[in-house]
Structures are given as structure tokens and as C-alpha cells.
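Examining the three-dimensional arrangement
Now for the letters of each chain:
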Amino acid sequence: MRISLRGEFGTKLLAPLSTDMEENKETSKPETADSLIRSPLRGEVSRRGLFSSLGMAWAPFGGAGALGLGAMTRFLFPNVLYEPPQQFKAGFPEEFAVGKVDERFKASYGVWIVREPDNFYALSTVCTHLGCTPNWLSSSGTFKCPCHGSGFVITGINVEGPAPRPLERYKIGLSADGQIEIDKNTKYQEEKGQWTMDGSYLSYTA
Amino acid sequence: MNKLFEKIRETQVWKSIFRHGYPDTPRNRTLAVLSNFFLHLHPVKVRRSGINLSYTWCMGGLTFFLFLIETITGLLLMFYYRPTAEYAYQDIFALRENVPLGLMREIHRWAAHLMVITVWLHMYRVFLTGSYKPPREFNWNVGVILLVLTLLLSFTGYLLPWDQLAVWAVTVGTNMARATPFLGHEGPGAALLSIGGLDLVHAGSDVRFGLLAGRFVGEGTLLRFYVLHCVGFPLIAATLMAIHFWRVRKDGGISGPL
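Brief notes about the nonpolar core
All names here are of chain A.
- In this structure, Val111, Ile113, Phe120, Ala122, Ile172, Ile180 and Ile182 are the most contacted members of the largest nonpolar core, which totals 22 residues.
- For this core, the secondary-structure elements that each account for two or more residues are strand 3 (111-115), strand 4 (119-124), strand 9 (169-174) and strand 10 (180-188).
- It is strand 3 that provides the largest number of residues to this core, a total of four residues.
- Beyond its immediate chain neighbours, meaning those up to four positions away, Ile180 contacts Lys89, Ala90, Gly91, Pro93, Ile113, Phe120, Ile172, Leu174 and Leu202.

Brief notes about the pairing of strand 3 of chain A
Residues and elements named next belong to chain A.
- Most of strand 3 sits inside the fold, with five of its five residues counted as buried.
- Here two bridges tie strand 2 (residues 101-102) to strand 3, and the two strands are oriented antiparallel to one another. Across the sheet, the residue bridging to Val101 is Val114, located in strand 3.
- Of the pairings in the sheet, the one linking strand 3 to strand 4 comprises five bridges and is antiparallel in character. When the bridges of strand 4 are listed, Val111 appears paired with Ser124.
- A loop of three residues connects strand 3 with strand 4, the two strands running antiparallel in sequence.

Concerning the interface of chain B and chain A
- Each partner contributes residues to the interface: chain B has 13 residues there, and chain A has ten residues.
- Breaking the side of chain B that touches chain A down by element, the ones donating at least two residues are helix 9 (164-175), helix 10 (207-212) and helix 11 (219-250) of chain B.
- Of all the elements, helix 9 of chain B adds the most residues to the side of chain B that touches chain A, at four residues.

Observations concerning the packing of helix 7 (residues 104-128) of chain B against helix 8 (residues 137-159) of chain B
All names here are of chain B.
- Packing of helix 7 against helix 8 leaves a shortest axis separation of 10 Å and a crossing angle of 160 degrees. Between helix 7 and helix 8, the angle falls in the class roughly antiparallel. Helix-helix and strand crossings are classified by hand; for helix 7 and helix 8 the assignment is left-handed. Residues Ala112, Met115, Val116, Val119, Met123 and Val126 of helix 7 pack against Trp140, Gly143, Leu147, Thr150, Leu151, Ser154 and Gly157 of helix 8.
- Class assignment of the residues belonging to the contact of helix 7 with helix 8 gives a composition of nine nonpolar, four polar and no charged.

Overview of the pairing of strand 4 of chain A
Residue and element names in this part refer to chain A.
- With two bridges joining them, strand 4 and strand 11 (residues 202-203) adopt antiparallel strand pairing. Looking at the pairing, Phe120 lines up with Leu202 of strand 11.
- In this sheet, strand 9 lies alongside strand 4 in antiparallel orientation, the contact comprising two bridges. Following the sheet pairing, Leu123 is matched in strand 9 by Arg169.

Focus on the sheet that holds strand 6 (residues 142-144) of chain A
Residues and elements named next belong to chain A.
- Strand order in the open sheet formed by four strands is 5-6-7-8, and the pairing between neighbours is antiparallel. Lying at the two open borders of the sheet, with one neighbouring strand each, are strand 5 (135-137) and strand 8 (158-160). Taken over all neighbouring pairs, the strand axes of this sheet differ in orientation by 35 degrees on average, direction set aside.
- Two elements, strand 5 and strand 6, share three bridges in a ladder whose sense is antiparallel. The residue bridging Asn135 from the neighbouring strand is Lys144, located in strand 6.

A look at the environment of Pro162(A)
Residues and elements named next belong to chain A.
- Along the chain, the position of Pro162 falls in the loop between strand 8 and strand 9.
- Residue Pro162 is classed as partly exposed on the basis of its 14 C-beta neighbours within 10 Å.
- Spatially, the C-alpha atom of Pro162 lies 5.6 Å from that of Ser150, the residues being twelve residues apart in sequence.
- Dropping the residues within four chain positions of it, Pro162 is found in contact with His129, His148 and Ser150.

Thoughts on the environment of Leu31(B)
Residues and elements named next belong to chain B.
- Tracing the sequence through the fold places Leu31 in helix 3 (residues 26-34).
- Sequence separation between Leu31 and Val44 is 13 residues, and the spatial gap between their C-alpha atoms is 8.5 Å.
- Contacts of Leu31, omitting those with residues within four sequence positions, involve Arg19 and His20.

A look at helix 6 (residues 88-97) of chain B
All names here are of chain B.
- Residues of helix 6 that are buried include every one of Ala88, Asp91 and Leu95, and no others. The arc that holds every buried residue of helix 6, seen down its axis, measures 60 degrees, which confines them to one face. The outward face of helix 6, more than 90 degrees from its buried face, is lined by the exposed residues Arg96 and Glu97.
- Those residues of helix 6 that are buried lie in contact with helix 5 (59-77), helix 7 and helix 11.

Some remarks on the packing of helix 8 of chain B against helix 9 of chain B
All names here are of chain B.
- Contact pair helix 8 / helix 9: the axes reach a minimum separation of 8 Å and the direction vectors enclose 135 degrees. The angle between helix 8 and helix 9 falls in the class oblique. Of helix 9, the residues touching helix 8 (which contributes Phe155, Tyr158 and Leu159) are Ala166, Ala169, Val170 and Gly173.

Considering the environment of Met115(B)
Residue and element names in this part refer to chain B.
- Along the chain, Met115 falls in helix 7.
- Between the C-alpha atom of Met115 and that of Ile236, which follows or precedes it by 121 residues, the distance is 17 Å.
- Apart from the residues lying within four places of it in its own chain, the contact partners of Met115 are Thr63, Leu66, Phe67, Glu70 and Thr150.

Focus on unusual backbone geometry
Residue and element names in this part refer to chain B.
- The peptide bond linking Pro134 to Pro135 adopts the cis configuration, its omega dihedral lying at 5 degrees.
- Even without glycine at this site, Trp57 takes up a positive phi of about 60 degrees.
- Mapped onto the secondary structure, Trp57 falls in the loop between helix 4 (53-56) and helix 5.
- Here Trp57 falls in the partly exposed class, since 19 other C-beta atoms lie within 10 Å of it.
- The backbone of Leu101 sits at a positive phi, close to 55 degrees, despite the residue not being glycine.
- Position of Leu101 among the secondary structure elements: in the loop between helix 6 and helix 7.
- Leu101 sits in the exposed class, given 7 other C-beta atoms within 10 Å.

What counts and how
- Every residue gets a number counted from 1 within its own chain, in the order that chain's sequence is written.
- To read the labels, note that chains go from A and ligands from 1, taken in the order they are written.
- Restriction of local features to residues with pLDDT of at least 70 applies here, the model being predicted, together with a cutoff of 80 or more for giving and counting side-chain atom pairs; totals for whole chains, interfaces and linings are based on all residues.
- Joining buried Ala, Val, Leu, Ile, Met, Phe, Trp, Tyr and Cys residues through C-beta atoms within 7 Å gives a set, and that set is a nonpolar core.
- The exposure label follows from counting other C-beta atoms within 10 Å of a residue's C-beta, where the C-beta atoms are placed from the backbone and the thresholds are 20 or more for buried and 12 or fewer for exposed, leaving partly exposed in between.
- The secondary structure listing takes helices from DSSP runs of H or I that are at least 4 residues long and strands from runs of E that are at least 2 residues long, numbered from the N terminus.
- Any two residues are considered in contact once their C-beta atoms, placed from the backbone, lie within 7 Å.
- Here, strands pair whenever DSSP counts at least two bridges between them.
- Note on method: axes are straight lines fitted to C-alpha atoms, helices fitted across the in-contact stretch only, with angles between N-to-C directions ranging 0 to 180 degrees.
- Just so you know how the angles are binned, under 35 degrees is roughly parallel, over 145 roughly antiparallel, 65 to 115 roughly perpendicular, and the rest oblique.
- In this scheme the crossing of two helices becomes right-handed for a clockwise turn of the near helix relative to the far one and left-handed for an anticlockwise turn of less than a right angle.
- The classification used treats Ala, Val, Leu, Ile, Met, Phe, Trp, Tyr, Cys and Pro as nonpolar, Asp, Glu, Lys and Arg as charged, and all other residues, Gly among them, as polar.
- Summarising the geometry, the arc corresponds to the directions from the helix axis toward the C-beta atoms.

Following this line, the structure appears as C-alpha cells:
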């Protein structure tokens, strides 16, 4: 059986030294691409076939294609964002009333700052159900989400509605100049037991 | 009057445009379809069963028709709509109040809803008539990708009015992306992709970030979805549609006996 591959491999590659195919039917073995790659320089290779047989045409093409695709994908991930910064200073601790939820930074940074008698914590304004922004109802002392009715108490624990877990807390600390500093890059989830970790609350007694 | 038309048909201009004769002969009928760039995607002849509504429901054809309606109305809308947070909402309003025949936005929206319905009905019909069986499996798969593209077009277009419905719908929709395995920063496996404590997949670099061009739905998202909706997805859909129609013809034409 003769495997005949013209075009890419060139007729010379697979034909025996004699051009008379009939004569060599019994004696010659079928040439395969593998045997060519292993020993391409057996004297039967034409100059045109050499590059192709070594895959030297497809390799740079494939490489360039992959590089192009990679560059295009990286292009879609911007390096500069026109969003409010993830870390910000929220003012001095004495500006916050004890037992109150402060909504000054709800719209601008998506954070509620709550002061308890002995510490501060920062709640995320993202409902843990599907991502809407709940409202703080001071009369009932709960956060209620307008989208699907999830309810959270002042600590952020979910008590009603479809929310599956409590509101997340952001890292809170004191800056060098004594202001409260919130870092949204780090979040603490109660259901993972992270509300006892350092950074999830700021100890502060008046 | 007829004499005048005959004279026109003998002019060089006419003959250069129309490469077939005018009299109603079988040859001219064939050439009228074959020698036309737009019509030659159509077969010259169809089986009688191909135009039987109770066989085909004509849903595929309706879907394509609605796609053309969407393209034209969409193009017209692009003359007035600006995809920025500052202008998007009021431009949509202006398209109804300030533009003559202020119906383009409504037609566009209605046709979009109808297209989703006809696409599903078409899929249902193809399933009921067994037109997915060999050798048509590949075309079925192309059709499924077209279905996904139709839904993606709907999703991206939904954001463009920039109203409350749009912003929160896209927020909820893209929040699902952050739970993707490996590619989403809250999905399984994301924690594994970190080099020496530095997370490779985080809120600022996962697939949700790439979709939104930000950490939340904002101006970057609006522009990105606008480009996808007006250029990206339509181009891919048009290409796949061409393959889809080509395949129908190659496999023996529409609605014949299997």
C-alpha cells in the first residue's frame, strides 16, 4: 500500500528514488510522516519539502497566532479603572455615634460604618442574595433589601428573606493620623468564622 | 408604455446590472436567482413541502427576518444613542420623544423579544421533525450556538437603556460569572492559581472583571456591552447563520423527506 501525500510534503518525498512507481511496488515500504520527521535528510527530500516536513512552517504560524490571541485577551483587561479607590479614610472615630449605622459612605464607597460601645466594624452594602443594595431602616433596626426582601440585623446577620449568609465586613483599622481607614480589598465572612479575626473589627473605647 | 420598458431593457446600463433576460422562461427564472448576489444563497427551486407552513412553521425564516429588522432598526438607533452613563438614559428617552416616528426603540425591543420566541419555536420544530438526525447533527449544534448568541444579544442589549432594571439585571447576571471554576475569583479552584501568595485570579482579574471592565457595572461595562451588542455578536451570528443556511442546502434543502 502506498501512501501518497502530495502538496505539503512534495511528491519527491514519498516517491522512491526511481520515478517508476510500478517497478518498486513490491520493494519499497510506505513512507509515513513519522519516519520523515525522524530522518528527513535521507536524500529523497526536495528543498521545498524540507521546511514543511520539519513543521517549520506551521510552528511559527501557530506560535504567532497563539501570541496574537493572548495579546488580544490581555487587551480586554484594563490596567486603569475609573472607580472609587478600594481604600479610603472615613474620618475620626469621635465623629461616629455609638449604636448608630453611618451611611455617609454608602453611595460613594458602598460601606456602612457601625459603632458599638467597644468597637467599630464596616459592613458591605452588597446584599448576599443577588447583589442589590439594601436600605438601613433605623426605626426597625434592620437592613432590608428592596429587590427580594432579604433582611439583616445591625450586625449584618441575615434573619429573613432569600439571603443565604450575613453581609460581609471589610477590613477596618486606624490610619497613622488617627482616622478610621477602610480597606475593601479584604473582606470577612461570618459564616467562615472570620468575624473574630483581627482587622474585621476595630477595638475603640471612647 | 411597454415600448419604453423594452427600450430601457436594451440599454447598456440595464444589461450590465441584470445578467438575464426578461421573458419568463425557465432559463431566465433560474438565472434571476443564480446571478444575484443576495438571492444566490437561496436555492433556485424548493420542494413543495418546503413552503408548507404546517411542516416548517416558517420559524427559521421568521427568525432571520427579525434579525434583519433588528439590524436595520439597531443601525437607526445608533444615530442618536450615546453609550455613556451621562447620556444613555436620556438618549433612549429622546428616541421616543424628540425623533420623528419615535418608534424605532419600541420596534427594536419588540422584535428582540419575538426573535427569542421564534428561535425557540424553530428549535422545537426541528426537534419534532427529526431534522437533527444524521447528517444534520453539525447544523443542530451550529443552531444551538446561534441560540446562545441570540440570548447574549438580548442580554447585552438589555443594559443599554441604563435604567434600574438594566443595571441590576446585569449585576445579577454577571455575579454568576465570579463563581466560575478557576476563572472566577469566588469559584472553586481560584485559590489554587496563586504564585507565591500572589493571587492570579482576584476581583480585579477574573472573568467577571473582563466582562464588566471593572469591579461593578459602570461606564466601562456600558461601552463594552455596546460594542459586543452592535458589532461583536452580530458579526459572529451572521457568520454562523451563513454556515447554518449553507448546511441546510447542502444536506438536501429545507423540509424534505429524511
